[in-house]
Amino acid sequence: ASFTLSDEDIKNIQRLQQEPNITKRIVQSIAPSIYGHEDIKLAIALSLFGGQRKLIDNHHIRGDINVLLVGDPGTAKSQFLKYVEKTASRAVYTTGK
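Residues numbered from 1 in each chain as written. Predicted model: local features only at pLDDT ≥ 70, side-chain atom pairs only at ≥ 80, totals over all residues. Heavy atoms only, no water.

## Focus on the side chain of Thr 75
Here is step 1: Within the secondary structure layout, Thr 75 lies in the loop between β2 (59-61) and α4 (77-87).
Here is step 2: A residue is classified by how much of its surface remains accessible, and Thr 75, at 14% relative accessible area, is buried.
Here is step 3: A polar contact of 2.5 Å, which involves the side chain of Thr 75, links it to the backbone oxygen of Asp 72.
Here is step 4: Discounting chain neighbours no more than four positions away, the residues touching Thr 75 are His 37, Ile 40 and Phe 80. (Helix = DSSP H or I, 4+ residues; strand = E, 2+ residues; numbered from the N terminus. Buried < 20%, exposed > 50% of the residue type's maximum accessible area, 1.4 Å probe, protein only. Polar contact = N/O pair within 3.5 Å; in protein donor to acceptor, adjacent residues only side chain to side chain. Contact = heavy atoms within 4.5 Å.)

What follows is the structure, given as structure tokens:
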């Protein structure tokens with residue numbers, strides 16, 4: 001699906017990037033119904049923004065960041081993955097089941 005940012009969206013993003021606590025705000029906005037787990041939320045946020053672009057044989061390739069989420073029961077792994085699947089259009093939800 002194609003998505004276009006309006007001029008107002010771009011202005012808001014430029015305003016937000018100047019805030020000193022923008023990283024904290026982004027992390028807190030990831031799955032807000034799940035308490036804690038800031039390290040997992042930071043990894044998810046970084047993966048949503050994408051990695052370093054690569055130039056291979058004159059082709060620009062978006063550097064994807066993959067996240068392997070492993071943890072004890074109760075870590076809310078499935079809830080995090082479902083949140084990302086609904087948030088990011090390119091997300092792929094997979095499990096080991």
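Having seen the model, we can carry on.
## Overview of the nonpolar core
Here is step 1: If you look at the biggest cluster of nonpolar residues, it comprises nine residues: Ile 30, Ala 31, Ile 34, Ile 40, Ile 44, Ala 45, Ala 76, Phe 80 and Val 84.
Here is step 2: Listing elements by their share of this core, those giving two or more residues are α3 (38-49) and α4.
Here is step 3: If one sorts the elements of this core by residue count, α3 sits on top with three residues. (Core = buried A, V, L, I, M, F, W, Y, C linked by side-chain atoms within 4.5 Å.)

## Brief notes about the packing of helix α2 (residues 22-29) against α3
Here is step 1: The interhelical angle for the contact between α2 and α3, taken along N-to-C directions, is 100°, at an axis separation of 8 Å. Accordingly, the angle class assigned to the pair α2 and α3 is roughly perpendicular. Note on element contacts: α3 touches α2 through Glu 38, Lys 41, Leu 42, Ala 45 and Phe 49, opposite Thr 23, Ile 26 and Val 27.
Here is step 2: Looking at side-chain class alone, the contact of α2 with α3 contains five nonpolar, one polar and two charged residues. (Axes fitted to C-alpha atoms, helices over the stretch in contact; angles between N-to-C directions. Parallel < 35°, antiparallel > 145°, perpendicular 65-115°, else oblique. Nonpolar A, V, L, I, M, F, W, Y, C, P; charged D, E, K, R; others polar.)

## Considerations on the pattern of salt bridges
Here is step 1: Applying the stated rule across the entire model yields two salt bridges.
Here is step 2: The salt bridge involving Arg 15 is made with Glu 19; its shortest N-O contact spans 3.9 Å.
Here is step 3: We classify Arg 15 as partly exposed; its relative accessible area is 48%.
Here is step 4: Given the relative accessible area of 22%, Glu 19 is considered partly exposed.
Here is step 5: Where Arg 25 meets Glu 19, a salt bridge forms, and the shortest distance between an N and an O atom there is 2.7 Å.
Here is step 6: Look at Arg 25 and you get partly exposed, because its relative accessible area is 40%.
Here is step 7: Because the salt bridges share partners, they merge into one network encompassing Arg 15, Glu 19 and Arg 25. (Salt bridge = Lys/Arg side-chain N within 4 Å of Asp/Glu carboxyl O.)

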